[in-house]
There are 4 protein chains.
Amino acid sequence: MSDVEPIRVGVLGARGRMGTEASRAVDGADDLELVAMVDEGDWLHSVADAGAQVVVDFTNPGAVMENLRWCIDQDIHVVVGTSGFTTERLDQVRAWLEPKPDLGVVVAPNFAIGAVLMMEFAARAARYFESVEVVEMHHPQKLDAPSGTALRTAQLIAAARAEAGLAKAPDATEEEMLGARGSDVEGVRVHSLRASGLVAHQEVLFGAAGETLTIRHDSFDRKSFMPGVLLAVREVVKRPGLTVGLGALLA
Amino acid sequence: MSDVEPIRVGVLGARGRMGTEASRAVDGADDLELVAMVDEGDWLHSVADAGAQVVVDFTNPGAVMENLRWCIDQDIHVVVGTSGFTTERLDQVRAWLEPKPDLGVVVAPNFAIGAVLMMEFAARAARYFESVEVVEMHHPQKLDAPSGTALRTAQLIAAARAEAGLAKAPDATEEEMLGARGSDVEGVRVHSLRASGLVAHQEVLFGAAGETLTIRHDSFDRKSFMPGVLLAVREVVKRPGLTVGLGALLA
Amino acid sequence: MSDVEPIRVGVLGARGRMGTEASRAVDGADDLELVAMVDEGDWLHSVADAGAQVVVDFTNPGAVMENLRWCIDQDIHVVVGTSGFTTERLDQVRAWLEPKPDLGVVVAPNFAIGAVLMMEFAARAARYFESVEVVEMHHPQKLDAPSGTALRTAQLIAAARAEAGLAKAPDATEEEMLGARGSDVEGVRVHSLRASGLVAHQEVLFGAAGETLTIRHDSFDRKSFMPGVLLAVREVVKRPGLTVGLGALLA
Amino acid sequence: MSDVEPIRVGVLGARGRMGTEASRAVDGADDLELVAMVDEGDWLHSVADAGAQVVVDFTNPGAVMENLRWCIDQDIHVVVGTSGFTTERLDQVRAWLEPKPDLGVVVAPNFAIGAVLMMEFAARAARYFESVEVVEMHHPQKLDAPSGTALRTAQLIAAARAEAGLAKAPDATEEEMLGARGSDVEGVRVHSLRASGLVAHQEVLFGAAGETLTIRHDSFDRKSFMPGVLLAVREVVKRPGLTVGLGALLA
């Protein structure tokens with residue numbers, strides 16, 4: 001239907017749940033071609049051998065940095081859905097990309113449009129409320145806590161609070177059982193729940209005198225992420241450098 | 001402390017719960033002067049006699065239109081917190097204001113900053129989700145259902161959906177017990193809960209394939225409204241015509 | 001593995017979502033034998049021809065009563081998961097069963113253990129709170145509103161309130177947009193939300209002076225119903241008469 | 001109106017928020033007499049001098065054990081609403097009471113009927129779900145985390161799981177930021193949120209394959225606790241030994 005060559009895509013973590021779904025979605029898109037599916041124990045170089053222009057990484061926090069380094073060395077664009085990206089990791093990716101002015105990496109903690117809006121709204125509301133807490137809830141097979149989406153949300157909120165000149169949220173806690181008040185992500189408390197039956201959920205709670213505002217996102221099905229994954233694949237080849245969050249691609 | 005004359009304010013519905021709180025807040029503000037407190041059975045003209053420049057109306061849906069007409073006739077600006085404003089009522093107020101180019105009316109269904117952000121976010125998210133429902137929850141002494149905030153939220157959502165070209169939300173209901181699917185506000189379903197223990201709460205639920213996004217506001221205390229009421233009093237004297245929603249005053 | 005003959009089971013509505021899952025679950029159980037799968041347009045008598053001892057009905061409110069009458073006529077036990085059972089329908093089933101002292105029918109609005117506990121807790125809490133409202137939320141393909149689970153929950157609550165001598169819940173609503181306050185199920189207000197992304201969810205909200213108690217059940221996957229369906233099939237052959245709700249089988 | 005002498009009651013922590021409300025409630029009850037109000041810096045012995053038969057303690061986790069020891073020494077019954085009671089503290093109170101066969105102590109982490117039902121329901125549901133997490137949310141002036149109610153709830157759940165022979169809840173977390181997974185109360189994860197606008201709230205989340213069950217209690221007003229406080233004062237004089245939780249007094 002078009003003279004344009006499809007974008008050649010490889011998937012890492014292709015036998016995992018998100019990787020399986022992503023492979024299927026790429027395979028079903030007219031303008032994309034699935035050229036490699038790689039998982040633990042497979043030969044990573046087969047991605048380069050197959051001529052992949054973009055790699056989609058849904059592996060795990062322990063493997064993703066090595067994958068990224070290798071892809072950037074091979075001049076392959078990367079869309080990363082794997083979680084666990086701290087500020088340090090993002091700085092590392094930026095450093096790796098510096099000598100490669102044409103190469104793009106998109107790191108998105110969450111590909112669901114609802115999650116992207118949740119983060120946008122959280123950043124917007126942050127300046128108006130003296131208190132804020134983040135609660136993320138996931139299935140018990142998840143390896144990292146907090147989730148990448150929760151970390152990213154907390155970082156956005158912390159930045160907005162700093163810009164608005166807000167002081168630390170009030171908290172008179174004197175006697176705390178270890179861990180009760182959650183983890184501290186740049187001054188924002190983040191709590192991670194794990195339970196069977198859950199899929200992927202997050203709540204951001206803002207509080208001021210006499211009122212609270214809550215923004216909640218529920219993902220019930222991995223399918224909800226696929227429109228975002230395909231969008232990122234199409235955009236990463238046009239956007240050199242590091243892009244964090246799907247929001248930047250929507251604006 | 002200042003050469004500026006304080007703004008002279010009268011409160012209608014001054015013995016009701018919101019009116020009492022508003023009278024106290026006006027009285028406590030250096031740049032405002034509380035000149036009249038009127039309630040059912042009182043002499044409305046005492047407001048004009050006292051030289052009020054702004055009237056704050058926290059009466060009820062049955063009385064508010066008559067009050068508005070009288071204030072506009074008397075060239076008194078009005079801040080309205082009373083609920084029950086349909087599109088027809090707003091059009092009526094605009095018509096009354098037409099011959100008075102210097103007079104301002106602010107109709108705000110909700111003066112809490114969290115509620116204002118909830119409405120802003122709801123309008124922003126509306127275009128991305130095929131489904132949406134509004135649920136408002138209040139104490140059982142409330143006279144009208146849905147609440148003014150819920151009506152306003154639904155109108156904003158309906159306008160955003162229309163602009164984005166969204167079709168009617170999917171709904172296969174064939175057998176409905178009367179009222180089960182809530183009220184229909186310009187195509188958006190709104191549900192009103194009433195229960196002891198509740199104060200004022202609202203939830204907007206957006207849905208798309210595999211995901212939902214929920215925005216919720218909880219007011220636990222009337223005090224949370226007062227910063228917004230005072231802001232409206234200060235702004236209404238500078239803004240001729242009809243302003244709907246506190247959001248316009250914040251932008 | 002056992003000398004006991006497996007129970008012979010037919011499924012009505014076998015090509016629907018719940019029917020498909022139920023057929024698979026029956027087929028996978030050692031002590032049950034799937035002997036017939038029937039859907040719209042199929043020959044209902046094939047169920048009797050196949051010698052089914054128990055029929056599982058996941059059809060629709062428009063078809064279920066005729067199916068029930070036919071099964072009872074044929075001396076086949078029935079497990080009904082189809083919704084839409086009013087007090088009148090239940091009385092009708094009881095009347096049909098009267099001349100058949102050995103035949104059992106289980107009508108369960110919900111087969112998930114969480115839903116059964118939600119109903120038990122709602123009935124227990126009902127006597128302590130002057131206010132109560134039920135909100136059920138489902139995918140937009142659902143045909144009836146309120147859901148069978150919500151109807152059953154409201155009936156249980158109404159019965160508990162009556163027994164405790166509670167008056168009508170306080171509600172000062174004077175101006176109501178049609179449907180805003182939901183449907184009235186024996187004095188209990190029930191609200192039905194429909195949105196893409198949702199599966200099957202219900203919340204019961206109790207209120208008293210200064211406090212609320214909320215009981216919520218979320219079904220994310222039809223698989224959560226299957227342990228309950230198989231339990232009902234095994235129990236219905238031993239329980240003559242009408243049994244309403246899975247709770248009775250758990251106690 | 002009655003020949004019965006009123007019960008003589010002293011309140012410790014009488015100038016705190018709960019103590020103030022409790023003093024008012026005792027003072028307003030016909031069958032109780034408020035004989036002493038003591039707070040930090042006051043002379044504790046004035047309670048004994050005033051002939052108090054029951055002391056109500058709403059002080060703080062740092063002071064309550066010393067108060068309890070003193071009251072027991074003085075043969076004064078105690079109703080404790082102060083939080084921070086671990087299993088060790090309860091054992092200590094039991095030891096102190098051993099030589100006093102007529103003396104009663106009621107330790108209740110929460111006096112709201114809704115909270116008591118929440119705990120009862122949580123204990124009942126615990127055996128049916130492989131996963132459970134507790135989230136408590138309070139105003140930021142609270143000194144301890146988790147709350148006494150959350151600790152008590154987690155202990156009840158842990159006991160019910162042990163009795164049902166449930167294994168540890170599934171949790172594959174490998175990389176955890178310190179505190180993300182909350183505090184560990186006898187194997188149950190408890191998360192404590194603190195935010196302005198909040199009063200006192202708790203959610204218990206149960207999960208199994210494909211479903212979750214959530215029980216939530218919201219206290220919006222200290223008044224909701226007073227019926228429970230008065231009940232405990234009337235009952236403690238008739239119940240020697242240690243009673244934990246208001247539930248025991250309701251059954």
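Bear in mind the structure is a predicted one, so any value in this text is a computation, not a measurement.

Cut-off values and rules
Residues numbered from 1 in each chain as written. Chains lettered and ligands numbered in written order. Predicted model: local features only at pLDDT ≥ 70, side-chain atom pairs only at ≥ 80, totals over all residues. Heavy atoms only, no water. Helix = DSSP H or I, 4+ residues; strand = E, 2+ residues; numbered from the N terminus. Rg over C-alpha atoms; globule rule 2.2 N^0.38 Å. Buried < 20%, exposed > 50% of the residue type's maximum accessible area, 1.4 Å probe, protein only. Contact = heavy atoms within 4.5 Å. Least-squares fit on C-alpha atoms with pLDDT ≥ 70 in both. Buried area = accessible area lost by both parts, 1.4 Å probe. Salt bridge = Lys/Arg side-chain N within 4 Å of Asp/Glu carboxyl O. Polar contact = N/O pair within 3.5 Å; in protein donor to acceptor, adjacent residues only side chain to side chain. Pairing = 2+ DSSP bridges. UniProt positions renumbered as here; feature names shortened; annotations may be inferred. Axes fitted to C-alpha atoms, helices over the stretch in contact; angles between N-to-C directions. Nonpolar A, V, L, I, M, F, W, Y, C, P; charged D, E, K, R; others polar. pLDDT = per-residue confidence, 0-100.

Asker: Honestly, the overall build of chain A in this entry has me stumped. Any pointers?
Answerer: Of the regular secondary structure elements, chain A holds eight helices and 13 strands. For a compact globule of 251 residues, the expected C-alpha radius of gyration is about 18 Å, and chain A comes in at 19 Å, within 12% of that figure. Considered along the principal axes of its C-alpha atoms, chain A spans approximately 60 × 40 × 35 Å. The buried share of chain A, reckoned over its 251 residues, is 59%. Contacts in chain A between residues at least 24 apart in sequence constitute 72% of all its contacts with a sequence separation of at least 6.

Asker: Which parts of the structure should I look at to understand the relation of the copies chain D and chain A?
Answerer: Superposing the two chain copies requires a rotation about an axis and a translation along that axis. Least-squares fitting of chain D to chain A yields an RMSD of 0.1 Å, with the superposition described by an axial translation of 0.0 Å and a rotation of 180 degrees. Taken together, these values place the two copies in the relation of a two-fold axis. Closest approach to the rotation axis among the C-alpha atoms of chain D is made by D:Gly179, whose C-alpha sits 1.9 Å away. A symmetric contact is evident, with 100% of the interface residues of chain D recurring at the interface of chain A.

Asker: How should I be thinking about the interface of chain B and chain A in this particular structure?
Answerer: Interfaces are often described in size by the accessible area the parts lose on coming together. With 26 residues of chain B at the interface, the matching set in chain A holds 26 residues. Of the roughly 2,200 Å² buried where chain B meets chain A, counting both sides, 60% is carbon and sulfur surface. For the interface between chain B and chain A, the tally reads two salt bridges. Between B:Glu120 and A:Arg124 there is a salt bridge; the shortest N-O distance is 2.6 Å. Joining chain B to chain A, the criterion identifies 14 residue pairs in polar contact (both at pLDDT 80 or more). Those elements that provide at least two residues to the side of chain B that touches chain A are α5 (113–125) and β12 (211–219) of chain B. Here strand β12 (residues 211–219) of chain A runs beside β12(B); their pairing, made up of nine bridges, is antiparallel. Its bridge partner being in β12(B), A:His217 is matched across the sheet by B:Leu213.

Asker: Which parts of the structure should I look at to understand the UniProt feature "active site" (unreviewed entry) in chain A?
Answerer: All names here are of chain A. If you check UniProt for "active site" (unreviewed entry), the listed places come out as His-138 and Lys-142 in our numbering. By the element assignment, His-138 lies in strand β6 (residues 131–138). Overall, the relative accessible area of 11% leaves His-138 in the buried class. Those residues in contact with His-138 that sit more than four places away from it in its chain are Ser-147, Leu-193, Arg-194, Ala-195, Leu-198, Val-199, Ala-200 and His-201. Polar side-chain contacts of His-138 include one of 2.7 Å to the side chain of Glu-136. One can find Lys-142 in the loop between β6 and β7 (144–145).

Asker: What is the right way to read unusual backbone geometry from this model?
Answerer: Generally, phi is negative for residues other than glycine and the peptide bonds are trans, each holding for most cases. The peptide bond linking A:Ala145 to A:Pro146 adopts the cis configuration, its omega dihedral lying at 0 degrees. A positive phi angle is found at D:Glu186, which is not glycine, with a value near 50 degrees. What makes D:Glu186 partly exposed here is its relative accessible area of 48%.

Asker: Even after reading the chapter, I still don't get the sheet that holds strand β1 (residues 7–12) of chain D, so can you show me in this structure?
Answerer: Sheet strands line up and pair through hydrogen bonds in the backbone, either parallel or antiparallel. Residue and element names in this part refer to chain D. Read across the open sheet, the six strands follow the order β2-β1-β3-β4-β5-β13; overall the sheet is parallel. Edge positions in the open sheet fall to β2 (32–38) and β13 (241–244), since each of these has one partner strand only. Strand-to-strand twist in this sheet, taken as the mean axis angle between neighbours without regard to direction, amounts to 20 degrees. As judged from the four bridges shared by β1 and strand β3 (residues 54–57), these two strands associate in the parallel manner. What sits directly across from Leu-12, in β3, is Asp-57. Set on the sheet, helix α3 (residues 64–73) makes contact with β1, β3, β4 (77–80) and β5 (104–107); between it and β4 the angle comes to about 160 degrees. The strands that helix α7 (residues 226–236) touches are β1, β2, β3, β4 and β5; relative to β4, the one it contacts most, it runs at about 155 degrees.

Asker: Would you explain the pairing of strand β6 (residues 131–138) of chain B in this entry?
Answerer: For a regular strand, side chains alternate in direction, first toward one face of the sheet and then toward the other. Residue and element names in this part refer to chain B. Burial analysis of β6 places eight of its eight residues in the buried class, the great majority of the element. Of the two faces of β6, the one carrying Ser-131, Glu-133, Val-135 and Met-137 and the one carrying Val-132, Val-134, Glu-136 and His-138 are both buried. Sheet topology note: the β6/strand β11 (residues 200–208) ladder contains eight bridges and is antiparallel. Note on β11: the bridge partner recorded for Val-132 is Phe-206. Sheet analysis places β6 next to strand β10 (residues 188–194), joined by six bridges and oriented parallel. Within β10, the position partnered with His-138 by the bridge is Arg-194.

Asker: Could you clarify how one ought to interpret the sheet that holds β11(B) in this entry?
Answerer: Taken in spatial order, the ten strands line up as β9(A)-β10(A)-β6(A)-β11(A)-β12(A)-β12(B)-β11(B)-β6(B)-β10(B)-β9(B) in an open sheet, and their pairing is mixed. Each edge of the sheet is formed by a strand with only one pairing partner; in this case those strands are β9 (183–185) of chain A together with β9 (183–185) of chain B. Looking at each pair of strands side by side, their axes are set apart by 20 degrees on average, direction ignored. Pairing of β9(A) with strand β10 (residues 188–194) of chain A involves three bridges; the strand directions are antiparallel. Note on β10(A): the bridge partner recorded for A:Ser183 is A:Val190.

Asker: Please clarify how the interface of chain D and chain A should be interpreted in this entry.
Answerer: With 46 residues of chain D at the contact, the number on the chain A side is 46 residues. Between chain D and chain A the total buried area reaches about 3,300 Å² when both faces are included, carbon and sulfur atoms providing 62% of it. Broken down residue by residue, the surface that chain D buries against chain A is led by D:Leu143, D:Met177 and D:Ser196, which jointly contribute 16%. The tally of links from chain D across to chain A stands at zero salt bridges. Here chain D is connected to chain A by 22 residue pairs in polar contact (both at pLDDT 80 or more). Contributing elements (two or more residues each) for the side of chain D that touches chain A: β6 (131–138), β7 (144–145), β8 (175–176), β9 (183–185), β10 (188–194), β11 (200–208) and β12 (211–219) of chain D. Counting residues per element, the side of chain D that touches chain A draws most heavily on β10(D), which supplies five residues. Across the side of chain D that touches chain A, the residue classes break down as 20 nonpolar, 14 polar and twelve charged. Where strand β8 (residues 175–176) of chain A and β7(D) come together, two bridges link them in parallel fashion. In the strand pairing of β7(D), A:Glu175 is matched with D:Asp144.

Asker: Honestly, the confidence of the model for chain A in this entry has me stumped. Any pointers?
Answerer: In low-pLDDT regions, the fine details of the predicted coordinates are not to be read closely. Mean pLDDT over chain A works out to 94, with 98% of the residues at or above the 70 mark. Interface confidence in the predicted complex, given as ipTM, is 0.77; pTM for the same model is 0.82.

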